[in-house]
Amino acid sequence: MSFNSIPEKPVYQLQYTSQKPEVTWEARSPIEFYLYSSKPAKLARKDTSVYEIPGEIRWTWTPANARDVNTDIIASKLILESLSYFRLVRFDDWVQEAEGSSSNSVRLLDVRYKWLSETLYSYLTRSLEEYQKYLDLVNTLEEKAADPFLLGAIKNACDCISRRTYVEFGIDSRFITDPLSVIRAREYSREHIDCQLKALEVRFRSWYNSPDVRWSQEFDTQTDFLDTLYRIGPKVIAVQLSEEDLTLFHRLTIDSITKDSNGVRLALNTRWNSLAHAAKECSAAGLCTELTVLAWVSQRSSRF
């Protein structure tokens, strides 16, 4: 991401003296330019189209107000604030970004983390005795499974102190955008792809609002149940599902029900939970009639 009229020289350069490191400003950083220019900073795309970045980019948390706060408390506060910013970006914005058309919301998110990283770096150049504390904070954020944007911004500030030169931070959202970028290339009709995207929006909100989210995993864009329902219809699926369940039910015993001794109960729970989530996604995609028929036929064809 490049800012108009921003020199490409290093933003900061540390000069070490016998006392404390001092910061020499070689050029205004993108964040400072945005905050103090008379007009909002503008971002130019390759096609020279210009977009303004709206909104407030400052974080409520600042390192200056956390001098006497331990890393565990700092990490918890930062994680909550970071998630609140992440959730401001709609699923449609991520799709837009994945398709190569830059989203203002994603750009604003990126600028927020630039601001955080630069603010922490600037603070540490004046308070070098706090450096170890923020190295420990990086470890604490990793232990608490913080999102990669927050973790990256804090780690970048610490790394730049070690390198004695500031390098601008930028979020890496490929774990979201790469899987989304291939959806339009699938050999499906536009209507089918639109259904997939509506279903994935439900999954996106559910997954990234879950306390069990694994940020290291790419966003799962496979929609096998929806695709099968869309392609062959509910009646055939109903028979298939009943036959698959029947195979598992034949393995049930009193002991497996009460103690799950052979894993059948867990297998059924996992299977039905997945089906429930898939049905919710299909409902959001507008396949309510198909789901109603599926439920009716499943009940009629059940043999247990």
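Our subject in this report is the structure included herewith. (Residues numbered from 1 in each chain as written. Predicted model: local features only at pLDDT ≥ 70, side-chain atom pairs only at ≥ 80, totals over all residues. Heavy atoms only, no water.)

## Section: helix α6 (residues 148-163)
Line of reasoning, step 1. Taking 1.5 Å of rise per residue, the 16 residues of α6 would be expected to cover 22 Å, and the 21 Å separating its terminal C-alpha atoms lies within 8% of that figure.
Line of reasoning, step 2. Restricting attention to buried positions, one finds in α6 the residues Phe 149, Leu 150, Leu 151, Gly 152, Ala 153, Ile 154, Asn 156, Ala 157, Cys 158, Cys 160 and Ile 161.
Line of reasoning, step 3. Positive backbone phi, approximately 70°, marks Arg 164, located one or two places after α6. (Helix = DSSP H or I, 4+ residues; strand = E, 2+ residues; numbered from the N terminus. Expected span 1.5 Å × (residues − 1). Buried < 20%, exposed > 50% of the residue type's maximum accessible area, 1.4 Å probe, protein only.)

## Describing the packing of aromatic side chains
Line of reasoning, step 1. Under the defined criterion, the tally for this structure stands at 19 aromatic pairs.
Line of reasoning, step 2. Both rings, one in Trp 61 and one in Tyr 134, keep their centres 6.3 Å apart while their planes meet at 65°; by these two values the pair is edge-to-face. Pair noted here: Trp 61 is in the loop between β4 (50-52) and α2 (71-86) and Tyr 134 is in helix α5 (residues 131-143), with a separation of 73 residues, a long-range link.
Line of reasoning, step 3. Here a set of aromatic residues connected by ring pairs shows up, and it is made of Trp 59, Tyr 85, Phe 86, Phe 91, Trp 94, Tyr 113, Phe 149, Phe 175, Phe 204, Tyr 208, Trp 215 and Phe 219. (Phe/Tyr/Trp six-rings, centres within 6.5 Å; stacked < 30°, edge-to-face > 60°.)

## Some words on the pattern of salt bridges
Line of reasoning, step 1. Scanning all chains against the criterion turns up 13 salt bridges.
Line of reasoning, step 2. The salt bridge involving Arg 90 is made with Asp 93; its shortest N-O contact spans 3.3 Å.
Line of reasoning, step 3. Accessibility expressed as a relative area gives 5% for Asp 93, which makes it buried.
Line of reasoning, step 4. Across the pair Arg 205 and Glu 201 runs a salt bridge, and its minimum N-O distance is 3.3 Å. Taken as a pair, Arg 205 and Glu 201 lie in helix α8 (residues 190-208) at a separation of four residues, close to a single helical turn.
Line of reasoning, step 5. Of the residues examined, Arg 205 reaches a relative accessible area of 45% and is grouped as partly exposed.
Line of reasoning, step 6. One network of salt bridges, in which partners are shared, links Glu 99, Arg 184 and Asp 194. (Salt bridge = Lys/Arg side-chain N within 4 Å of Asp/Glu carboxyl O.)

## Let's talk about helix α7 (residues 174-181)
Line of reasoning, step 1. Burial in α7 covers these residues: Phe 175, Ile 176, Thr 177, Pro 179 and Leu 180.
Line of reasoning, step 2. Looking at the packing, one finds that the buried side of α7 touches α2, α3 (91-98), α6 and α8. (Contact = heavy atoms within 4.5 Å.)

## Quick word on the packing of α5 against α6
Line of reasoning, step 1. Running from N to C, α5 and α6 cross one another at 150°; their axes reach a closest spacing of 10 Å. As the angle between them shows, α5 and α6 are arranged roughly antiparallel. Viewed along their axes, α5 and α6 form a crossing whose handedness is left-handed. Taking contact as the criterion, the partners of Tyr 131, Tyr 134, Leu 135, Leu 137, Val 138, Leu 141 and Glu 142 in α5 are, on α6, Leu 150, Leu 151, Ile 154, Lys 155, Cys 158, Ile 161 and Ser 162.
Line of reasoning, step 2. Tallied by class, residues from the contact of α5 with α6 come to 11 nonpolar, one polar and two charged. (Axes fitted to C-alpha atoms, helices over the stretch in contact; angles between N-to-C directions. Parallel < 35°, antiparallel > 145°, perpendicular 65-115°, else oblique. Left-handed = near helix turned anticlockwise from the far one by under 90°. Nonpolar A, V, L, I, M, F, W, Y, C, P; charged D, E, K, R; others polar.)

## Some points on the side chain of Asp 227
Line of reasoning, step 1. For Asp 227, the position within the fold is in helix α9 (residues 224-232).
Line of reasoning, step 2. Put simply, Asp 227 is tucked away with no salt bridge, and the nearest opposite charge, on Arg 186, sits 5.5 Å away.
Line of reasoning, step 3. In terms of polar contacts, Asp 227 uses its side chain to reach the side chain of His 192, at 2.8 Å.
Line of reasoning, step 4. Those residues in contact with Asp 227 that sit more than four places away from it in its chain are Tyr 188, His 192 and Gln 196. (Lys, Arg positive; Asp, Glu negative; His and termini not counted. Polar contact = N/O pair within 3.5 Å; in protein donor to acceptor, adjacent residues only side chain to side chain.)

## Describing the state of the cysteines
Line of reasoning, step 1. This structure, assessed with the given rule, holds zero disulfides.
Line of reasoning, step 2. Not part of a disulfide, Cys 160 finds its nearest cysteine sulfur in Cys 158, a span of 9.3 Å.
Line of reasoning, step 3. The buried category is assigned to Cys 160, whose relative accessible area is 0%.
Line of reasoning, step 4. Considering cysteine sulfurs only, Cys 282 is the nearest to Cys 288, which forms no disulfide, with 9.5 Å between them.
Line of reasoning, step 5. Of the residues examined, Cys 288 reaches a relative accessible area of 41% and is grouped as partly exposed. (Disulfide = S-S within 2.5 Å.)

## Here we look at the environment of Ala 284
Line of reasoning, step 1. Its place among the elements puts Ala 284 in helix α12 (residues 264-284).
Line of reasoning, step 2. On the basis of relative accessibility, which here comes to 36%, the residue Ala 284 falls in the partly exposed class.
Line of reasoning, step 3. For the pair Ala 284 and Val 202, spaced 82 residues apart in the sequence, the C-alpha separation amounts to 7.2 Å.
Line of reasoning, step 4. Residues in contact with Ala 284, not counting those within four places in the same chain, are Lys 198 and Val 202.

## Things to note about the nonpolar core
Line of reasoning, step 1. By size, the foremost hydrophobic cluster in this structure holds 56 residues, and its most contacted members are Trp 94, Tyr 134 and Leu 150.
Line of reasoning, step 2. At the level of secondary structure, the elements contributing two or more residues to this core comprise α2, α3, α4 (104-126), α5, α6, α7 and α8.
Line of reasoning, step 3. Looking at this core element by element, the count peaks at 11 residues for α4.
Line of reasoning, step 4. Three or more residues apiece are contributed to this core by two domains, here domain 1 (63-174) and domain 2 (188-209 + 223-302).
Line of reasoning, step 5. Core analysis: the second largest hydrophobic core is formed by 15 residues, Cys 195, Leu 229, Ala 238 and Leu 291 among them. (Core = buried A, V, L, I, M, F, W, Y, C linked by side-chain atoms within 4.5 Å. Domains from an automatic or database assignment.)

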